[in-house]
Amino acid sequence: MKLCMIGTGYVGLVSGVCFSDLGNTVYCVDKDINKINSLNKGVVPIYEPGLEEILKKNYKQKRLFFTSNLKKAVQNSDIIFICVGTPTKKNSNSADLKYVFNVVNELKKLISSYKIIVTKSTVPVTTGDKIEKILNNLRKKKLIDVVSNPEFLREGEAIRDFTYPDRVIIGTESRKANKILKSLYMPIIKKSSRYFNTSRRGAELIKYASNSFLATKISFINELANLCEKSGVDVKDVSLGMGSDQRIGDRFLRAGPAYGGSCFPKDTRALIDIGNKFKTDLSIVKSVVASNNARKTLLLERVKSILNNKLKNKKITFLGVTFKPNTDDMREASSIPMINYLNKKNCKINYYDPSGEKIEFKNLKNVKFSTSITSACLNADLIILHTEWNDFKLLNFKKLINKSNFKIFDMRNLYDPLKMKKLNIKYFGIGR
Ligand code: UDX
């Protein structure tokens, strides 16, 4: 099939590349000409393991194209995926849909034969209705169907998540559109993913419900971790015991710092806003957002207490600053408020992250990027294991830090507290 992906962010680029790998012809469109030029040279603008190889392979085979020419891409395609960002609006919780509607208004002028318009961007329930209204003339002429097909891929695992999703959701009341999309997804569905044809509004809501529920699971275990710390229980035991109940499931029960990234924070906020618009109080989601925000301060309080409330001139090393491993993404990473605070308190901060230096910390006077784990850790008073990159899982801290009396705050529970005790290392974890 011939596809057009509008927007080459995480969702658009990964889906476009993977769809081309399934044998489709894919036009990836972006207004950012520099990005398109780079992509045409094989340079991938995001850090995503495996993406570059698949991109280059399909580009060479002339199944994958990068262009800023929306008109040509739309006219050559059967299915148009809208994959632009839906960030949180300034000073509000609601999703900003201006990029989505800008695209729709452009499409209005370009369509003259039947196309399926699919929102892959995460959009509030009834957005599809609004898109249809804008394109009402085309709809009346039966030239379009508007479908919601939410994407559930995670950063760092994007290719596997796209290729082997737990489910494919096609939200449409149109039989024709459903049939075409089902055959597009058939190679994926065949590999045992479940396929659901739901209402369009249902599909829109499923995405927010899923992300908010996962965020709820994380906040739940994070709050239990607080209780574990006070009651002498290891939260890992609780996650294991709870998670073995198949009704609960063991994934997304790892306690840690506040969750971050480009989706959970934005989508939980947006769901609250959607609830408000429909006069429905989503009190659980509200609590999750509040709990996650409070966690940033709570962990800083723990840092202070680990350092006996003496922060000034303390050498603190952050290992990992991204919101999760295998990505260079810093959006809503909990390291940002933490490092900003410790910088203000005149701590001397070194950080190392396998994905490189971060613009977020460039102008902070007490914060330096180290190019290796070794240089970051040397002479530290406190090591904060912030992100669970594999590189940090088997470290010899005594050798690295090269002084006695250092402390470790393992925010991802990567190490065994008993082993640390045996090594005489002052070790602090989360919920243990
Ligand atoms: C998420 C959803 O998982 C994905 O389905 C959706 O399409 C986009 O949003 P992503 O933001 O890439 O994906 O990352 P994810 O792996 O879900 O992690 C999000 C945050 O939760 C990270 O900060 C991570 O550290 C945290 N997390 C995750 C935990 O703290 N504990 C866990 O057990 C799992």
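Peer 1: Can you tell me about the overall build of the chain, naming the residues and giving the values?
Peer 2: A tally of regular secondary structure across the chain gives 17 helices and 14 strands. Expected size for 432 residues packed as a compact globule is a radius of gyration near 22 Å; at 24 Å, the chain falls within 12% of this value. The dimensions of the chain, computed from C-alpha atoms along their principal axes, are 75 × 50 × 40 Å. Across the 432 residues of the chain, 53% fall into the buried class.

Peer 1: Report on the pattern of salt bridges, specifying residues and quantitative values.
Peer 2: Here the structure, examined in full by the defined rule, presents 24 salt bridges. For aspartate 129, the salt bridge goes to arginine 200, with nearest N and O atoms at 3.1 Å. Linking aspartate 129 in helix H6 (residues 127-134) with arginine 200 in helix H10 (residues 200-231), this pair joins segments that are 71 residues apart in sequence. Classification of arginine 200 as buried rests on a relative accessible area of 8%. Where aspartate 267 meets lysine 266, a salt bridge forms, and the shortest distance between an N and an O atom there is 3.0 Å. With respect to burial, aspartate 267 and lysine 266 carry one shared label: buried. Each member of the salt-bridge network shares a partner with another, and the members are Asp129, Glu132, Arg200 and Arg201.

Peer 1: So what about the packing of aromatic side chains? Which residues, and what values?
Peer 2: All told, the structure shown has twelve aromatic pairs when counted by the stated rule. Judged by centre distance (5.0 Å) and plane angle (85°), the rings of phenylalanine 19 and phenylalanine 162 are edge-to-face. Remark: phenylalanine 162 occurs in helix H8 (residues 158-163) and phenylalanine 19 occurs in helix H1 (residues 10-21); sequence separation between them is 143 residues. Each member of the pair, phenylalanine 19 as well as phenylalanine 162, is classed as buried.

Peer 1: I'd like to hear about the side chain of asparagine 24, residue by residue, with values.
Peer 2: Positionally, asparagine 24 belongs in the loop between H1 and strand S2 (25-29). Of the polar contacts made by the side chain of asparagine 24, one reaches the backbone nitrogen of methionine 1; its length is 3.0 Å. Look past the residues within four positions of asparagine 24 in its chain and what remains in contact with it is Met1, Leu3, Phe19, Arg63 and Leu184.

Peer 1: I'd like to hear about the pairing of strand S7 (residues 167-171), residue by residue, with values.
Peer 2: Strand residues, when the strand is regular, have side chains that alternate between the two faces of the sheet. Within S7, four of the five residues are buried, leaving the element largely enclosed by the surrounding structure. What joins S7 to strand S8 (residues 194-198) is helix H9 (residues 175-190), and the crossover it makes is right-handed.

Peer 1: Describe in detail empty space enclosed by the protein, supporting the description with residues and values.
Peer 2: Counted according to the given criterion, the structure contains one cavity of 30 Å³ or more. Taken together, Thr119, Lys120, Ser121, Thr122, Val123, Ser148, Asn149, Pro150, Ala203, Glu204 and Lys207 make up the full set of residues lining the largest cavity. If one sorts the elements of the lining of the largest cavity by residue count, H10 sits on top with three residues. Each residue belonging to the lining of the largest cavity can be placed in one class, and the counts come to three nonpolar, five polar and three charged.

Peer 1: Account for the site of the ligand, naming residues and giving values.
Peer 2: Residues in close proximity to the ligand total 18 residues, the closest being Phe152, Leu153, Glu155, Arg254 and Lys324. Within the backbone of phenylalanine 323, a nitrogen or oxygen atom sits 3.1 Å from an oxygen atom of the ligand. Between the ligand and arginine 412, the relevant distance is 3.0 Å, taken from an oxygen atom to a side-chain nitrogen or oxygen of the residue. Partitioned by chemical class, the residues of the shell around the ligand number nine nonpolar, two polar and seven charged.

Peer 1: I'd like to hear about unusual backbone geometry, residue by residue, with values.
Peer 2: We note that asparagine 313 has phi near 65°; this positive angle belongs to a residue other than glycine. When you line up the elements, asparagine 313 lands in the loop between helix H13 (283-306) and strand S9 (315-319). Phi angles above zero are rare outside glycine, and asparagine 379 is one such case at about 65°. Tracing the sequence through the fold places asparagine 379 in the loop between helix H15 (373-377) and strand S12 (382-385). In this structure asparagine 379 comes out as partly exposed when scored by relative accessible area, which is 30%.

Peer 1: Can you break down a positive patch on the surface residue by residue, with the values?
Peer 2: A cluster of basic residues, Lys312, Lys348, Lys365 and Lys368, forms a positive patch at the surface. Within the element layout of this structure, lysine 348 appears in strand S10 (residues 348-352).

Peer 1: Explain the nonpolar core residue by residue, including any values.
Peer 2: Membership of the largest hydrophobic core comes to 38 residues, with the highest contact counts inside it found for Leu13, Phe19, Phe81 and Leu181. Dropping the residues within four chain positions of it, leucine 13 is found in contact with Gly7, Thr8, Leu39, Val44, Pro45, Ile46, Leu51, Leu55 and Phe66. Ile221, Ala255, Leu382 and Ile430 belong to the second largest nonpolar core, which has 34 residues in total.

Peer 1: Could you give an account of the pairing of S12, naming the residues involved and the relevant values?
Peer 2: Where burial is concerned, the two faces of S12 agree: the one with Leu382 and Ile384 and the one with Ile383 and Leu385 are both buried. Examined bridge by bridge, S9 and S12 share four bridges and lie parallel to one another. Within the sheet, the bridge partner assigned to phenylalanine 318 lies in S12 and is isoleucine 384. Relative to strand S13 (residues 407-410), S12 is paired through four bridges, and the arrangement is parallel. In the sheet register, isoleucine 383 faces S13, and the bridge partner there is isoleucine 408.

Peer 1: Break down the sheet that holds strand S14 (residues 426-428) for me, citing the residues and quoting the values.
Peer 2: Taking strand neighbours across the sheet as the criterion, the six strands line up as S11-S10-S9-S12-S13-S14 in an open arrangement whose pairing is parallel. Edge positions in the open sheet fall to strand S11 (367-369) and S14, since each of these has one partner strand only. Direction aside, the axes of adjacent strands within the sheet are offset by 20° on average. Along the sheet, H13 contacts S12, S13 and S14; its crossing angle with S13, the most-contacted strand, is approximately 165°. Lying over the sheet, helix H14 (residues 335-344) contacts S9, S10 and S11, oriented at roughly 170° with respect to S9.

Peer 1: Which residues make up the layout of surface pockets, and what are the values?
Peer 2: Rolled over the atoms, a probe with the dimensions of a water molecule shows which regions are left empty. Estimates place the volume of the second largest pocket at around 210 Å³. If one sorts the elements of the lining of the second largest pocket by residue count, strand S6 (residues 144-148) sits on top with three residues.

What counts as what
Residues numbered from 1 in each chain as written. Predicted model: local features only at pLDDT ≥ 70, side-chain atom pairs only at ≥ 80, totals over all residues. Heavy atoms only, no water. Helix = DSSP H or I, 4+ residues; strand = E, 2+ residues; numbered from the N terminus. Rg over C-alpha atoms; globule rule 2.2 N^0.38 Å. Buried < 20%, exposed > 50% of the residue type's maximum accessible area, 1.4 Å probe, protein only. Salt bridge = Lys/Arg side-chain N within 4 Å of Asp/Glu carboxyl O. Phe/Tyr/Trp six-rings, centres within 6.5 Å; stacked < 30°, edge-to-face > 60°. Polar contact = N/O pair within 3.5 Å; in protein donor to acceptor, adjacent residues only side chain to side chain. Contact = heavy atoms within 4.5 Å. Right-handed = clockwise from strand over helix to strand, strands pointing away. 1 Å grid on protein atoms, 1.4 Å probe; cavity = no way out; pocket = protein on both sides within 12 Å on 5 of 7 lines; lining within 4 Å. Points joined across faces, edges and corners; volume = space filled by probe spheres on them. Nonpolar A, V, L, I, M, F, W, Y, C, P; charged D, E, K, R; others polar. Near = heavy atom within 4 Å. Patch = residues over 30% accessible without salt bridge, like charges linked within 9 Å, V, L, I, M, F, W, Y side chains within 5 Å. Areas by Shrake-Rupley, 256 points an atom, 1.4 Å probe, with all protein chains shown as cover. Lys, Arg positive; Asp, Glu negative; His and termini not counted. Charge placed at Lys NZ, Arg CZ, Asp CG, Glu CD. Core = buried A, V, L, I, M, F, W, Y, C linked by side-chain atoms within 4.5 Å. Pairing = 2+ DSSP bridges. Axes fitted to C-alpha atoms, helices over the stretch in contact; angles between N-to-C directions.

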